[in-house]
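Chain and residue survey
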Amino acid sequence: MQLYPKLITDALATVRYPGTGKNLVEAEMVEDDLRIDGMNVSFSLIFEKSTDPFLKSVVKAAEAAIHTYVDRSVNVTVNVKTLQTRRPEPGKMLPQVRNVIAVSSGKGGVGKSTVAANLAVALAQAGYKVGLLDADIFGPSVPKMFSMEQERIFAEMKDGRQQLIPALKYGVKVLSIGFFVNPETATLWRGGMASNALKQLIADTDWGDLDYFVLDTPPGTSDIHLTLLQNLAITGAVIVSTPQAVALADARKGIDMYKNEKVNVPILGLVENMAWFTPAELPENRYYIFGRDGVSRLAEEMQVPLLGQIPLVQSICESGDAGEPAAVHADSLTGAAFRELASRVVEETERRNRELPATTIVEMKK
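What comes next is a walk through the structure. (Residues numbered from 1 in each chain as written. Predicted model: local features only at pLDDT ≥ 70, side-chain atom pairs only at ≥ 80, totals over all residues. Heavy atoms only, no water.)

**Focus: the overall build of the protein**
The criterion, for reference: Helix and strand assignments follow DSSP, with helices taken as H or I runs no shorter than four residues and strands as E runs no shorter than two, numbered in order from the N terminus. Atoms considered for the radius of gyration are the C-alpha atoms alone. The globule rule reads 2.2 Å times the number of residues to the power 0.38. Only protein chains enter the calculation, and the probe is 1.4 Å; a residue is then buried if its accessible area is under 20% of its type maximum, exposed if over 50%, and partly exposed in between. In what follows, residue pairs with any heavy atoms lying within 4.5 Å of each other are defined as contacts.
In terms of regular secondary structure, the protein is built from 10 helices and 13 strands. Computed over C-alpha atoms, the radius of gyration of the protein comes to 23 Å, within 12% of the 21 Å expected from 2.2 N^0.38 for 366 residues, which places it in the range of a compact globule. Seen through its C-alpha atoms, the protein measures out along the principal axes to roughly 75 × 40 × 40 Å. In the protein, buried positions account for 51% of the 366 residues. Long-range pairs, those at least 24 residues apart, make up 73% of the contacts in the protein between residues at least 6 apart in sequence.

This is the structure in structure tokens:
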């Protein structure tokens, strides 16, 4: 039998909470953390307090409903949460974070993660408090780029609930799903599971006081982007592309996603990655192997700023593979490019905050 979320929620809708007479779904007692793995189902029920007199009977009724209306062979795990330990509401998850910056690309392979990682490091080197979340659930690359594949993340009790403590490197608080999964195997999750995992990384982590929270988003447009937009008020987006025509076409789609009237996230600007090739032995030479100024022309066409042009040099690839972002070496050619990019992002973010109203989360109509 193939299980899917609606089967479970329909079964839970047959259970009424005696205190109000409403069913569990109607009473919003079912937390948004439903997980299905074969015939294993887990979810949380929310009660006002741990001493609720109906708690045990409702939990048993929920288990019985799934066995009755879904399948008796389902292995059900019901977690109990109280209002004191429930994760923050969407849009209120990061109260101590001043700016949330989404680094996006229309397609893969344009160096988006490289730009996100180096932007975060360059911002930290400039004196800002920075967090970096690897939101690419299916293809996390931040652990490799920071040489943290063996990093282990721990949780601590804070404000009545368990919260993850992000890793710290190069002055950046770092978290990735890659810290929790086997790097040698594929992450075979359905969209709902991936979205729930992402929400946990955001809401169940002690990010603390941050000036900039950089999101390394997956390429393209997907459920993950929608999850971010529904849960975080994103200050602005930085779109990364190479000068190639095929990459520019996809970059337009990425821009359109954020500019959509239902989303309305300001575009801080575009970044042209691999703008030209410069050999290490000939630092003054530029070879435009992917085309010239394509992103610059797109920025002009879309009436958004060009934040920077990052050259393609062997050291960027080598430093990323070695787990040391190029921005660490501020005096290098690429280090200087990322330092200038960080300066422009700060400039555009401050201008956006002066001239535009605060972004709100995307509300989905039921």
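**Regarding the pairing of strand S9 (residues 172-176)**
Quick note on the threshold: Here the rule is simple: two strands pair whenever DSSP picks up at least two bridges between them.
By the criterion of burial, S9 is predominantly enclosed, with 4 of the 5 residues buried. Of the pairings in the sheet, the one linking strand S5 (residues 130-134) to S9 comprises 5 bridges and is parallel in character. Its bridge partner being in S9, Asp134 is matched across the sheet by Ser176. The pairing of strand S8 (residues 167-169) with S9 spans 3 bridges and is classified as antiparallel. Opposite Lys169, over in S9, you have Val172 as the bridge partner. Hairpin connection of S8 to S9: 2 residues between the antiparallel strands, including Tyr170 at a positive phi of 55 degrees.

**A look at helix H2 (residues 55-69)**
Note the following rule: The span expected for a helix works out to 1.5 Å for each residue beyond the first. The arc in question is the one traced by the directions running from the helix axis out to the C-beta atoms.
When the terminal C-alpha atoms of H2 are compared, their 21 Å separation across 15 residues agrees well with the 21 Å that a helix rising 1.5 Å per residue should span. Every buried residue belonging to H2 is among Leu55, Val58, Val59, Ala62, Ala65 and Ile66, and all of these are buried. Down the axis of H2, the buried set is contained in an arc of 120 degrees. They therefore lie on one face. Opposite the packed face of H2, turned more than 90 degrees from it, sit the exposed residues Lys56, Lys60 and Thr68.

**So, the side chain of Asp136**
Applied cut-off: The charge count treats Lys and Arg as positive and Asp and Glu as negative. His and the chain ends do not count. One speaks of a salt bridge when a side-chain nitrogen belonging to Lys or Arg is within 4 Å of a carboxyl oxygen belonging to Asp or Glu.
Looking at where Asp136 falls in the secondary structure, it is placed in the loop between S5 and helix H4 (142-145). No salt bridge is formed by the buried Asp136; its nearest oppositely charged neighbour, Lys112, is found at 4.7 Å. In this view, Asp136 contacts Ile177, Asp216, Pro218 and Pro219; residues no more than four positions away in its chain are not counted.

**Concerning a nonpolar patch on the surface**
Cut-off, in case you're wondering: Patch membership requires more than 30% relative accessible area and the absence of a salt bridge. Residues of like charge join within 9 Å; the nonpolar side chains Val, Leu, Ile, Met, Phe, Trp and Tyr join within 5 Å. Calculation of accessible area relied on Shrake-Rupley with a 1.4 Å probe; when residues are assessed, cover is drawn exclusively from the protein chains displayed.
Taken together, the side chains of Phe277, Leu282, Tyr287 and Ile289 define a hydrophobic patch exposed on the protein surface, amounting to about 350 Å² of accessible area. Counting through the fold element by element, Phe277 comes out in strand S12 (residues 267-277). By relative accessible area, Phe277 is classed as partly exposed at 30%.

**Description of the environment of Leu168**
Its location among the elements puts Leu168 in strand S8. Spatially, the C-alpha atoms of Leu168 and Asn79 are 31 Å apart, while their sequence positions differ by 89 residues.

**Description of the sheet that holds strand S3 (residues 75-82)**
The following threshold applies: Only the stretch in contact is used when fitting a helix axis, every axis being a line fitted to C-alpha atoms; angles between N-to-C directions are given from 0 to 180 degrees.
If you walk across this open sheet you meet the 3 strands as S1-S2-S3, and the pairing is mixed. Bordering the open sheet on either side are strand S1 (35-37) and S3, each of which pairs with just one other strand. Neighbouring strand axes in the sheet, compared pairwise and without regard to direction, differ in orientation by 20 degrees on average. Direction of pairing for strand S2 (residues 40-47) relative to S3: parallel, over a ladder of 8 bridges. Opposite Ile46, over in S3, you have Lys81 as the bridge partner. Where H2 meets the sheet, it contacts S2 and S3, and its direction lies at approximately 150 degrees from that of S2.

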